[in-house]
Amino acid sequence: MIIRDRPSGFRLFLLLRGSVLPRILPTLIINIVIATLVTWSHGDLYTLKITLTTIPFTLIGLPIAIFLGFRNNAAYDRFWEGRKLWGELVLRSRNFSRQCQSLIEYPEPATARLGLTDLRVRMIYRAIVFAHALRDLLRQQPMTNELQALLTDAEWQQLASYSNKPDFLMLRMGDDLRQCMKEGRIDPCLVVAIDTTLSAMTAAAASCERIRNTPIPFSYTLLLHRTAYIYCFLLPFGLVDSIGFMTPFVVAVVAYTFFGLDALGDEIEEPFGTASNDLPLDAICRAIEIDLRASLQDDFVPPPVVPVNFCLT
Amino acid sequence: MIIRDRPSGFRLFLLLRGSVLPRILPTLIINIVIATLVTWSHGDLYTLKITLTTIPFTLIGLPIAIFLGFRNNAAYDRFWEGRKLWGELVLRSRNFSRQCQSLIEYPEPATARLGLTDLRVRMIYRAIVFAHALRDLLRQQPMTNELQALLTDAEWQQLASYSNKPDFLMLRMGDDLRQCMKEGRIDPCLVVAIDTTLSAMTAAAASCERIRNTPIPFSYTLLLHRTAYIYCFLLPFGLVDSIGFMTPFVVAVVAYTFFGLDALGDEIEEPFGTASNDLPLDAICRAIEIDLRASLQDDFVPPPVVPVNFCLT
Amino acid sequence: MIIRDRPSGFRLFLLLRGSVLPRILPTLIINIVIATLVTWSHGDLYTLKITLTTIPFTLIGLPIAIFLGFRNNAAYDRFWEGRKLWGELVLRSRNFSRQCQSLIEYPEPATARLGLTDLRVRMIYRAIVFAHALRDLLRQQPMTNELQALLTDAEWQQLASYSNKPDFLMLRMGDDLRQCMKEGRIDPCLVVAIDTTLSAMTAAAASCERIRNTPIPFSYTLLLHRTAYIYCFLLPFGLVDSIGFMTPFVVAVVAYTFFGLDALGDEIEEPFGTASNDLPLDAICRAIEIDLRASLQDDFVPPPVVPVNFCLT
Amino acid sequence: MIIRDRPSGFRLFLLLRGSVLPRILPTLIINIVIATLVTWSHGDLYTLKITLTTIPFTLIGLPIAIFLGFRNNAAYDRFWEGRKLWGELVLRSRNFSRQCQSLIEYPEPATARLGLTDLRVRMIYRAIVFAHALRDLLRQQPMTNELQALLTDAEWQQLASYSNKPDFLMLRMGDDLRQCMKEGRIDPCLVVAIDTTLSAMTAAAASCERIRNTPIPFSYTLLLHRTAYIYCFLLPFGLVDSIGFMTPFVVAVVAYTFFGLDALGDEIEEPFGTASNDLPLDAICRAIEIDLRASLQDDFVPPPVVPVNFCLT
Amino acid sequence: MIIRDRPSGFRLFLLLRGSVLPRILPTLIINIVIATLVTWSHGDLYTLKITLTTIPFTLIGLPIAIFLGFRNNAAYDRFWEGRKLWGELVLRSRNFSRQCQSLIEYPEPATARLGLTDLRVRMIYRAIVFAHALRDLLRQQPMTNELQALLTDAEWQQLASYSNKPDFLMLRMGDDLRQCMKEGRIDPCLVVAIDTTLSAMTAAAASCERIRNTPIPFSYTLLLHRTAYIYCFLLPFGLVDSIGFMTPFVVAVVAYTFFGLDALGDEIEEPFGTASNDLPLDAICRAIEIDLRASLQDDFVPPPVVPVNFCLT
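- The name that an unreviewed UniProt entry assigns to chain A is Bestrophin family protein, with the source organism given as Actimicrobium antarcticum.
- The UniProt entry for chain A carries the following text under Sequence similarities (unreviewed entry): "Belongs to the anion channel-forming bestrophin (TC 1.A.46) family."
- Heading Subcellular location (unreviewed entry) of the UniProt record for chain A holds this comment: "Cell membrane".

Shown next as structure tokens:
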């Protein structure tokens, strides 16, 4: 995610980082070259004058506006829903930590010093691993070893053999909760409260998987791309008679907005990737780790992730 | 559901799979033929010059834009709500498995080895059948026998005689829950938690039935189709005077977008079918089966459904 | 609600059932007659030439597009919310039946054979009456006697004297629930689960009443109608100079879409009526009756309501 | 709120009640006068010809459409959210009455005859006062004495001294609930159910206050008004060359829709007022009173509020 | 937040406070100067005539309308969601106070006179500090000392050392709740009710942080700004041939709406700042303090925050 203030005035036009320009540059250049050729030949293909005016473009503009507007809203909704789900994970993790500490009865308050042998510490640390495992599942990257110390060795081994790692961790949460009940450390009524939190965390994870696995129907993308390509590549023929040598410039501006909006949609439609406009999952996972470690008065609290070159990953 | 990366550049125009082109081809061809005839006759019907300009099309474009935009959003909302409901079913099934294992008290943990005589195993296996039964209800297809081993013989027999199979399975869930309570294996407070999960699964199923049974009001479809047909078939008369021999080409592009958008709406409006843009219910049912079997350490875990020819069913 | 497949090709234009054409025909005819007169007189009123061009219609088109789009979305939202509420009623009724059977403790399972003396049977049957009473309240029609057998005689008498019948039935549900508690047939924790279901049914009913009693603000309707009337009746003056004898035809198409969209909005804005695009409340009530009777293994299960002449009531 | 059927045909144009015309008449008249002067002078200011065409109006039309559409949706959303919140209050009041009667244990059923000394009657009557107090808070009007008989004298005295009266009544609900618990008349599990209802009523009240206290950002209103004024007052200069003496008429129609839409937005943006398009809070409060009194078999049940001159307050 | 009635008539044009004009003035002036130069030179750059007509602007207007509309809606949604979250905090705080007073059992009712040694008073006062701490976190300003009297000295010290102060206060809430349980002052079932309220307050806080930390994707802003700048700065070339000396004026109006809408979006996109259109967090925090102190019959109740120069902070 790009984190920066808006540059003022004309410096706007010099930015590349965070711009979609690099992605659409090849298509844009081809389009401009065609426009230049058309302008140079006054819209003739050999001896055949292509009799286009701007009228067809006004008519085709109608469905394109519907497509682009729809696509844009649908893509942003996915982005923002993804962000909400991770926000949900942050708050549920905080609630989970508070509930483990206040609703499970032990002689002494939970602190990190008690280590993984304390059931509450174990559960709270596992919630940290849960967030990281979900991130890795969504980004389809292997889990790193840096969190190994937050699980018991046995659990870490088992975790490696599961394909849906977050789901496995939730089942282990259920096991520990069951043990609490058996030992009489928690009233059944209060088990419901913790179970509700676990269900909400499962819900956030499964909803992220839903967004990850279900793209906007491919036929939309196809219909939109085809129409936008035809529109932009024919546009010079429609403009050259009325605006002459300015044609390539105007075509460039129109194509920049159409292809740019389209490329941007492609990027944020899958918000869990690592492109520059995607969600900063590393930073959010770290924030969860910081909150939960702090709630256990852990001596080791890692620093927040900071943007590198204006980009938060 | 089509799962594929976007083909780059001009290969876009060669794709048929996932395109709506085959569906709308007949209408499109008739339209182009008419446009060609109109161009050839310079807009005359015998000796009568049809005096249309582009102005009426700009005016009619207004309500068409409202119709198409509305129809498109309504259809996509149905598609996406359908997907959300199945995502809900996935996560509730996971929660249900965790709750059965952690909240119902038995001397030993639940594993698949215990078989259907163990109430927890029986309930979790029944949740797998529930998802498949809902899929078959929505697609109006008979149930296959492949899941027979997940229910007791008696229950499988009874199931066959019910018309609303998911509802029957839920009632059986209630019976088993009742038995748990009677045997004192679960605290009443915790029954509420499992009952809430069952209610949510019922809700997801009933909401899918709602989408299945309630189309977008037919009069909208009728009004939209009529207007779009009139628009596209009259368009050549309006264009031929200003753009001459390019008329059939422009009409083809406009008609492709209008009819294409319309056909796409028809397809995703009923998201539970088996057309190529519909939801991959087979894959989702399989995912539920995998998750739930894995949570019971079942020896047999089926492989995920993979796309065939880019299409996930 | 019209239930039919889309007729293919040009048969689209021959349908009347489900079309809004009959409703708007008088206005449409007047409009076409005026357009014909204007065309015949070349836009002159006696000797005064009305100097309108299409430009004013483009300008007025702007607010009309906003009005029509807004009105259309607002009306469809009401329709769809109404449908969701009845879907909610369906699923809550199913949950209610499951909960009554699994959470209230009696020596033998609940079946219809036990009759109204069994509290569970009485409650489940009352839920059937609840749906029908709500339908009759929304449609402002008297209750029929066909459901009399589902209530005790005393309750049926009392019901007749209440104006808000669904509310009365809910209070009776509360009474029965109270009796269950007094007799120790249900744990207080589980009472909460059933009470939540009752509250959700009350919520669905009250929300339907809200839609029923609160139209879209009348001033919107007025502003929209006035603008649309002025637009369509003046349109011939603006078109006649450029498209000549085609004027009445184009005016007819534009007016058909404008008045049609408007009439359709009028119809689905109040989704609980009995017009052909309204919700099929009879069919939904019957579905609830079928589900609940089946859950009690009732010998008598009525058949589903089927569309008559493509129309489901 | 205006409650009336849509008048048919041309009688539409004669209505004033429910129309926004009276509110915008002064501005409209000034606008028409200017348009007439411009037409009379052929667009000259003294000897200076104002060289406007319709092109600038098409360009400025773009942001105006965005403004008006946005403003309109935002205002209607506030109106409809306000209506939903009062609908929520209606249903929560009904639930509250049912819960008080079925979950709190007393030897005899609650009826109005028991009077305010019965805790259940006292709580249910207080819920009636709650709705009225919220209405008066939102409309910033003093409380009337007509409901005095529904509270004990002591409570009525205390109520007078509180600024946030609904909040005070909720705290009193909490006190009574606490007393029930102390006297062992209600199981703690069931207290949660009633407390949830109280929380929902507080939520409805606080959300109404939110809408009441937070207007749409003033800068939007300002930007919209300024643009609309400039647009409408300059419009005659742009039209006079092409449509001549029809200019004042067209300007009147455009200005009527723009200013009308704007004035309507102003009215429903604050839905709790007493203007003719605002919500009928009196009628809703009365409906709550009727429902709750009827649930207690109260002998005195007031009649529903009926529309006066088509207007429900 | 600007709180004022709409000024009538032409006084609209004289307002600066609450207008976005000052923010966009420099850009606007440059734009007008360019437009004047272009008008003066009749669109020639030296001897080169820039051959633009209004047609390109109609075409580019399409994506700009999509951008501006999208941006505007997204920004307002963030603003309104922020307002809803603070409204949620208000109502949850009220519920929390009611629940602490009615569900936790002490011999005497809770009043402010009991001081911080009373657990209920301590918890309610801490909720006041929670709101203020959240405000300071969102605005990134240090906490003031004025609320020091609402916490014990020890807690105030600890608070200073935490970075996420609201989270710390929630953990302290959990500790106190745990103590209540240990002392048997509250039934476990009722703990669930209070814990739910605490979770909701955590959710409101974390959701505010989400809005604070996740801007609308930077690429959107960039694409929108670039397109809007190009549009407005080229516009004079397109207009000068048709409207002559009115060009600078029309350009000024168009640029005012485009840049104004954009600047307004910038302002309300981050609703927790202190700009004049941002949310009045000071006033809301004060309102929470007033409600909670009043619920404890505190002798000291601060006055509400009032608008200064029409602006509520």
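## Concerning the overall build of chain A
Item 1. Helix and strand content of chain A: nine helices and two strands.
Item 2. Reading the secondary structure of chain A in the N-to-C direction produces α-β-β-α-α-α-α-α-α-α-α.
Item 3. A globule of 313 residues ought to have a C-alpha radius of gyration of about 20 Å, yet chain A, at 27 Å, is considerably larger.
Item 4. Along the first, second and third principal axes, the C-alpha set of chain A runs to 90 × 35 × 30 Å.

## Concerning the nonpolar core
Nonpolar side chains tend to gather and get buried jointly when the protein is soluble and globular.
Item 1. Judged by nonpolar contacts, the single largest core of 556 residues is most densely connected at W86(A), W86(B), W86(C), W86(D) and W86(E).
Item 2. The biggest single contributor to this core is helix 2 (residues 55-103) of chain D, with 21 residues.

## Remarks on the domain arrangement of chain A
Item 1. Domain boundaries assigned for chain A yield domain 1 (21-77 + 216-269) and domain 2 (87-214 + 279-295).
Item 2. For domain 1 of chain A and domain 2 of chain A, the distance between their C-alpha centres works out to 49 Å.

## Quick look at the interface of chain E and chain D
Item 1. If you look at the interface, chain E gives 71 residues, while chain D gives 61 residues.
Item 2. Taken together, the two surfaces of chain E and chain D that pack against each other cover about 5,800 Å², and 70% of this comes from carbon and sulfur.
Item 3. Of all residues in chain E, the largest losses of buried area upon contact with chain D belong to R6(E), R94(E) and R98(E), amounting jointly to 12% of the total for that side.
Item 4. Across the contact surface, chain E and chain D share two salt bridges.
Item 5. Here R94(E) and E209(D) are joined by a salt bridge, their closest N and O atoms 3.2 Å apart.
Item 6. The tally of links between chain E and chain D comes to 13 residue pairs in polar contact (both at pLDDT 80 or more).

## Observations regarding the UniProt feature "transmembrane region" (unreviewed entry) in chain A
Residue and element names in this part refer to chain A.
Item 1. As annotated in UniProt, the feature "transmembrane region" (unreviewed entry) corresponds to residues 20-40, 46-70 and 228-259 in the numbering used here.
Item 2. Measuring from the first to the last C-alpha atom of residues 46-70 gives 39 Å, for a span that is 64% helix and 8% strand.
Item 3. With 91% helix and 0% strand, the stretch residues 228-259 has end C-alpha atoms that lie 8 Å from each other.

## A word on the relation of the copies chain E and chain A
Item 1. In the superposition of chain E on chain A (RMSD 0.0 Å, axial shift 0.0 Å), the rotation amounts to 72°. The superposition operator between the copies reduces to a five-fold rotation axis. Taking C-alpha positions as the reference, the residue of chain E nearest the rotation axis is C189(E), at 4.7 Å.
Item 2. Of the residues that chain E buries at the interface, just 2% are likewise interface residues in chain A, meaning the two copies contact each other through different surfaces.

## Let's talk about the interface of chain E and chain A
How large an interface is tends to be reported as the accessible area lost when its parts come together.
Item 1. Facing the 61 residues of chain E at the interface are 71 residues of chain A.
Item 2. Between the two partners, chain E and chain A, sit two salt bridges.
Item 3. There are 13 residue pairs in polar contact (both at pLDDT 80 or more) connecting chain E and chain A.
Item 4. The element contributing the most residues to the side of chain E that touches chain A is helix 6 (residues 188-213) of chain E, with 15 residues.
Item 5. Considering only residue class, the side of chain E that touches chain A consists of 36 nonpolar, 13 polar and twelve charged.

## Considerations on helix 2 (residues 55-103) of chain C
Every α-helix carries 3.6 residues per turn, so stepping three or four residues along brings you back to the same face.
Residue and element names in this part refer to chain C.
Item 1. Over its 49 residues, helix 2 runs 70 Å from end to end, which matches the ideal 72 Å to within 8%, given 1.5 Å per residue.
Item 2. Along helix 2, the helix axis deviates most sharply at G61, where the bend reaches about 30°; the proline P63 sits within four residues downstream.
Item 3. Extensive coverage of helix 2 is indicated by the burial of 40 of its 49 residues.

## A few points about the pattern of salt bridges
All names here are of chain B.
Item 1. Applying the stated rule across the entire model yields 110 salt bridges over all chains.
Item 2. For the salt bridge of E270 with R78, the shortest nitrogen-to-oxygen distance reads 3.7 Å. Here E270, found in the loop between helix 8 (247-269) and helix 9 (281-295), pairs with R78, found in helix 2 (residues 55-103); they are 192 residues apart in sequence, far enough to count as distant.
Item 3. Taking the relative accessible area as the measure of exposure, E270 reaches 29% and is therefore partly exposed.
Item 4. Given a relative accessible area of 2%, R78 falls into the buried group.
Item 5. R94 is paired through a salt bridge with D291; the nearest N and O atoms lie 2.8 Å apart. Taken together, the residues span a long stretch of sequence, with R94 in helix 2 and D291 in helix 9 at a distance of 197 residues.
Item 6. A residue is classified by how much of its surface remains accessible, and R94, at 6% relative accessible area, is buried.

## Observations regarding the relation of the copies chain E and chain D
Item 1. Relative to chain D, chain E is turned by 72° and slid 0.0 Å along the rotation axis, the superposed coordinates differing by an RMSD of 0.0 Å.
Item 2. Of the residues that chain E buries at the interface, just 1% are likewise interface residues in chain D, meaning the two copies contact each other through different surfaces.

## Details of the packing of aromatic side chains
Item 1. Applying the stated rule across the entire model yields 50 aromatic pairs over all chains.
Item 2. With 6.4 Å between their ring centres and 5° between their planes, Y76(B) and W80(B) make a pair best called stacked. Within this pair, Y76(B) and its partner W80(B) are both found in helix 2, separated by four residues, close to a single helical turn. Like Y76(B), the residue W80(B) is buried in the burial classification.
Item 3. Their ring planes at 35° and their centres at 5.2 Å tell us that Y231(D) and F258(D) sit as a pair that is tilted. Here Y231(D), found in helix 7 (residues 218-243), pairs with F258(D), found in helix 8 (residues 247-269); they are 27 residues apart in sequence, far enough to count as distant.
Item 4. A residue is classified by how much of its surface remains accessible, and Y231(D), at 2% relative accessible area, is buried.
Item 5. Residue class for F258(D) comes out buried when judged on its relative accessible area of 1%.

## Quick word on the confidence of the model for chain A
Item 1. Per-residue pLDDT for chain A averages 90, and the proportion of residues at 70 or more is 98%.
Item 2. Helix 3 (residues 119-139) of chain A holds the highest mean pLDDT among the elements of chain A, 96, whereas strand 1 (residues 44-45) of chain A holds the lowest, 74.

## Quick notes on the side chain of E155(A)
Item 1. For E155(A), the location among the structural elements is in helix 4 (residues 153-160).
Item 2. Only 2.5 Å separates the side chain of E155(A) from the side chain of R126(A), close enough to count as a polar contact.

## Quick notes on helix 9 (residues 281-295) of chain C
Item 1. Across its 15 residues, helix 9 of chain C extends 21 Å between first and last C-alpha, which sits within 8% of the 21 Å expected from 1.5 Å per residue.
Item 2. With eleven of 15 residues buried, helix 9 of chain C is to be regarded as a mostly interior element.
Item 3. Taken residue by residue, helix 9 of chain C has L281(C), A283(C), I284(C), C285(C), I288(C), E289(C), I290(C), D291(C), L292(C), R293(C) and S295(C) as its buried positions.
Item 4. Where helix 9 of chain C is buried, its residues meet helix 5 (165-182) of chain B together with helix 2 and helix 3 (119-139) of chain C.
Item 5. In the stretch just after helix 9 of chain C, Q297(C) is the one whose phi turns positive, near 50°.

## Some remarks on the packing of helix 7 (residues 218-243) of chain A against helix 8 of chain B
Item 1. Helix 8 of chain B packs onto helix 7 of chain A with a crossing angle of 165° between their chain directions and a minimal axis gap of 10 Å. Between helix 7 of chain A and helix 8 of chain B, the angle is such that the two are roughly antiparallel. The handedness of the crossing between helix 7 of chain A and helix 8 of chain B is left-handed. Of helix 8 of chain B, the residues touching helix 7 of chain A (which contributes S219(A), Y220(A), L223(A), R226(A), T227(A), I230(A) and L234(A)) are F249(B), V253(B), Y256(B), T257(B), G260(B), L261(B), L264(B) and I268(B).
Item 2. Residue composition of the contact of helix 7 of chain A with helix 8 of chain B, grouped by class: ten nonpolar, four polar and one charged.

Parameters at a glance
- Residues numbered from 1 in each chain as written.
- Chains lettered and ligands numbered in written order.
- Predicted model: local features only at pLDDT ≥ 70, side-chain atom pairs only at ≥ 80, totals over all residues.
- Heavy atoms only, no water.
- UniProt positions renumbered as here; feature names shortened; annotations may be inferred.
- Helix = DSSP H or I, 4+ residues; strand = E, 2+ residues; numbered from the N terminus.
- Rg over C-alpha atoms; globule rule 2.2 N^0.38 Å.
- Core = buried A, V, L, I, M, F, W, Y, C linked by side-chain atoms within 4.5 Å.
- Buried < 20%, exposed > 50% of the residue type's maximum accessible area, 1.4 Å probe, protein only.
- Domains from an automatic or database assignment.
- Contact = heavy atoms within 4.5 Å.
- Buried area = accessible area lost by both parts, 1.4 Å probe.
- Salt bridge = Lys/Arg side-chain N within 4 Å of Asp/Glu carboxyl O.
- Polar contact = N/O pair within 3.5 Å; in protein donor to acceptor, adjacent residues only side chain to side chain.
- Least-squares fit on C-alpha atoms with pLDDT ≥ 70 in both.
- Nonpolar A, V, L, I, M, F, W, Y, C, P; charged D, E, K, R; others polar.
- Expected span 1.5 Å × (residues − 1).
- Bend = angle between axes of the 7 residues up to and from the residue.
- Phe/Tyr/Trp six-rings, centres within 6.5 Å; stacked < 30°, edge-to-face > 60°.
- pLDDT = per-residue confidence, 0-100.
- Axes fitted to C-alpha atoms, helices over the stretch in contact; angles between N-to-C directions.
- Parallel < 35°, antiparallel > 145°, perpendicular 65-115°, else oblique.
- Left-handed = near helix turned anticlockwise from the far one by under 90°.

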